[in-house]
Amino acid sequence: MEFFHSLPSNEAFESLFGWVNKEQNLPKVVYDCIIYSLCSNSLSDHLIKFPRAAFNVRYVPDSSLPSMVITCLLKGSNLEESCESYEYFISHGANVDFSTRLALIENFYRERREEKSNLYLCWVIKEGLIASVFSYNMLIDCFCKDKLMNRAMKALE
């Protein structure tokens, strides 16, 4: 660990990334720890590169890591990367919580990409994630922030 502390962050990441790429049989916990560390330190640029390497060895995180990855990418203004990560996690059976899905929808609406946000909204509705007054209120709040009340009314029909 001393080795990584003595390097600038980009060099430390490249060294770690190189080691992970060489070692094909790493335990899942290694990937979890590295991704958690990248998210915790808001290193979205590195986070874009690392999960792709992990995904190449069929790594799928469980627990809250998918939501952490997507949230970190959104904070780093990487909407496309967030979208790709979301779709990968969902297609491989990982859980992404409602508030993270709502953040994605809200970001797409904010960017005026209504087709993509409508698609994600339909997925959320079909999965039955909007089943309580609380989740309805969160959705309405999302639309109010982006001044999309007509869309809110359509979603609630």
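The structure this text deals with has already been given above.
**Student:** Looking at this structure, I do not really get the overall build of the chain. What am I missing?
**Tutor:** Across its full length, the chain carries ten helices and zero strands. Traced from its N-terminal end to its C-terminal end, the chain shows the element sequence α-α-α-α-α-α-α-α-α-α. For the chain, with 157 residues in total, the buried portion stands at 41%. Look at the contacts in the chain between residues 6 or more apart in sequence, and 62% of them connect residues 24 or more apart. As displayed, the chain has an accessible area near 9000 Å², and 54% of this comes from carbon and sulfur atoms.

**Student:** Help me understand the environment of Tyr 120, please; the structure alone is not making it clear to me.
**Tutor:** Structurally, Tyr 120 is set in helix α8 (residues 114–126). Residue classification places Tyr 120 among the buried residues on the basis of a relative accessible area of 1%. C-alpha separation for the pair Tyr 120 and Leu 104, spaced 16 residues apart in sequence, amounts to 8.1 Å. Beyond its immediate chain neighbours, meaning those up to four positions away, Tyr 120 contacts Cys 83, Tyr 86, Glu 87, Leu 104, Ile 105 and Phe 108.

**Student:** In this structure, what is going on with the packing of aromatic side chains? I would like to understand it.
**Tutor:** What describes a pair of aromatic rings is the distance from one ring centre to the other and the angle between the planes of the rings. Under the criterion given, the structure shown has five aromatic pairs. Measuring from ring centre to ring centre gives 4.9 Å for Tyr 86 and Tyr 120, while their planes differ by 35 degrees; the resulting arrangement is tilted. Taken as a pair, Tyr 86 in helix α6 (residues 79–91) and Tyr 120 in helix α8 lie far apart in primary sequence, 34 residues in all. Tyr 86 sits in the buried class, given a relative accessible area of 1%. Counting every residue linked through ring pairs, the aromatic cluster contains Tyr 86, Phe 108, Tyr 120 and Trp 123.

**Student:** In this structure, what is going on with the nonpolar core? I would like to understand it.
**Tutor:** Nonpolar side chains tend to gather and get buried jointly when the protein is soluble and globular. Among the nonpolar cores identified, the biggest contains 39 residues, and Ile 35, Leu 47, Phe 50 and Leu 104 are the most heavily contacted of them. When contributions to this core are tallied by element, the ones reaching two or more residues are α2 (9–22), α3 (28–40), α4 (44–56), α5 (65–75), α6, α7 (98–110), α8 and α9 (133–145). Filtering out sequence-adjacent residues up to four positions away, Phe 50 remains in contact with Phe 13, Phe 17, Val 20, Tyr 31, Ile 34, Ile 35 and Leu 38.

**Student:** Would you take a moment to explain α2 for this structure?
**Tutor:** In an α-helix, one turn spans 3.6 residues; hence positions three or four apart end up facing the same way. Over its 14 residues, α2 runs 20 Å from end to end, which matches the ideal 20 Å to within 8%, given 1.5 Å per residue. Listed as buried for α2 are Ala 12, Phe 13, Phe 17 and Val 20. In an axial view of α2, the angular spread of the buried residues amounts to 130 degrees, which keeps them on one side of the axis.

Cut-offs and rules
Residues numbered from 1 in each chain as written. Predicted model: local features only at pLDDT ≥ 70, side-chain atom pairs only at ≥ 80, totals over all residues. Heavy atoms only, no water. Helix = DSSP H or I, 4+ residues; strand = E, 2+ residues; numbered from the N terminus. Buried < 20%, exposed > 50% of the residue type's maximum accessible area, 1.4 Å probe, protein only. Contact = heavy atoms within 4.5 Å. Areas by Shrake-Rupley, 256 points an atom, 1.4 Å probe, with all protein chains shown as cover. Phe/Tyr/Trp six-rings, centres within 6.5 Å; stacked < 30°, edge-to-face > 60°. Core = buried A, V, L, I, M, F, W, Y, C linked by side-chain atoms within 4.5 Å. Expected span 1.5 Å × (residues − 1). Arc of directions from axis to C-beta.

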